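Tertiary structure, described
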Amino acid sequence: MSYTYTSYVDQLSNLMAVSTTDPSFVTWLPGCIDYAEQRIYRELDLLATLITDNTGQLTQSSREFTLPGTFITVENVSVITPAGETADTGTRVPLFPVSLSVIDLLWPSQTSSTGTPQQFAMKNNTTIVMGPSPDNSYYVEVRGTQRPDPLSLSNPTTILTTYIPDVFMAASMVYASGFMRNFGAQSDNPQMSQSWENQYQMLKQSAEVEQFRAKFQSQSWSSQKPTPANPPRN
């Protein structure tokens, strides 16, 4: 079943045998949610975390462009031509990713060599550099990964609690083992942490198969579930 923030907290506290009003639990809970969310988002390349933003616009003769929003990773960057046209009315010109050294070598001056950008490089996590520098104020379409808003009382559901609640709960219980002092050989139940870690890894593997299917990266680049060879060997 899927969770809401309230049902997640209730189920988590039930598994931990602790009251939801326990002051230590209340203080600890945001850290648990953050641990589970960040781990899953890093380990599972979820299709739902891919965002397309085409609201940004280049500055003429400036090779730098500040990414719209907070992108964890950038997958594609396209310039919309002709200048002034939006993604709905213009033509996408995909840019080829290269290193910053290549941009500096091919277009050492951002003002003497301008045109429709052809390549881009990551300057840092918020800025890309293009070459050549734009000769006009083109719109830019960026596609990449962003972190969804965390689960909270004001944000009662997320893609994790809706689509893979079992994985989310298992990751939470790995973190909870530390809170319950069951994280090492000297604890009351030293197997608890490893047991939940094993459960998390098993559930994550099945969720990963679903993500490959969702992105048509499954068997034979299809959306089909991987199956044994047919007919089977004798």
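Since the structure is predicted, the reported quantities are computational estimates derived from the model, not experimental observations.

Rules and cut-offs
Residues numbered from 1 in each chain as written. Predicted model: local features only at pLDDT ≥ 70, side-chain atom pairs only at ≥ 80, totals over all residues. Heavy atoms only, no water. Phe/Tyr/Trp six-rings, centres within 6.5 Å; stacked < 30°, edge-to-face > 60°. Helix = DSSP H or I, 4+ residues; strand = E, 2+ residues; numbered from the N terminus. Buried < 20%, exposed > 50% of the residue type's maximum accessible area, 1.4 Å probe, protein only. Pairing = 2+ DSSP bridges. Axes fitted to C-alpha atoms, helices over the stretch in contact; angles between N-to-C directions.

**A word on the packing of aromatic side chains**
Evaluation of the coordinates by the stated rule reveals five aromatic pairs. Plain terms: the ring middles of Phe25 and Trp28 are 5.6 Å apart, the flat faces sit at 35° to each other, and that makes the pair tilted. Here Trp28 and Phe25 lie together in helix H2 (residues 23–43), a separation of three residues that amounts to about one turn. Of the two residues, Phe25 and Trp28, neither departs from the other in class, the shared state being buried. Aromatic rings pair up to connect Phe25, Trp28, Tyr35 and Tyr175 into one cluster.

**So, the sheet that holds strand S3 (residues 73–81)**
Spatial strand order, S1-S10-S3-S4: four strands in an open sheet with antiparallel pairing. The open sheet has two edge strands with one neighbour each: strand S1 (50–57) and strand S4 (91–94). With direction set aside, neighbouring strand axes in the sheet form an average angle of 30°. By the bridge criterion, seven bridges tie S3 to strand S10 (residues 139–145) in an arrangement that is antiparallel. Along S10, the bridge assignment pairs Val77 with Val142.

**Here's the deal with the sheet that holds strand S7 (residues 119–122)**
What the four strands build is an open sheet, ordered S2-S8-S7-S5; its pairing is mixed. The sheet is open, and its two edges are formed by strand S2 (64–66) and strand S5 (96–97), each paired on a single side. Bridge count for S7 against strand S8 (residues 127–131) is four bridges, and the pairing is antiparallel. Of the residues in S8, the one forming a bridge with Gln119 is Gly131.

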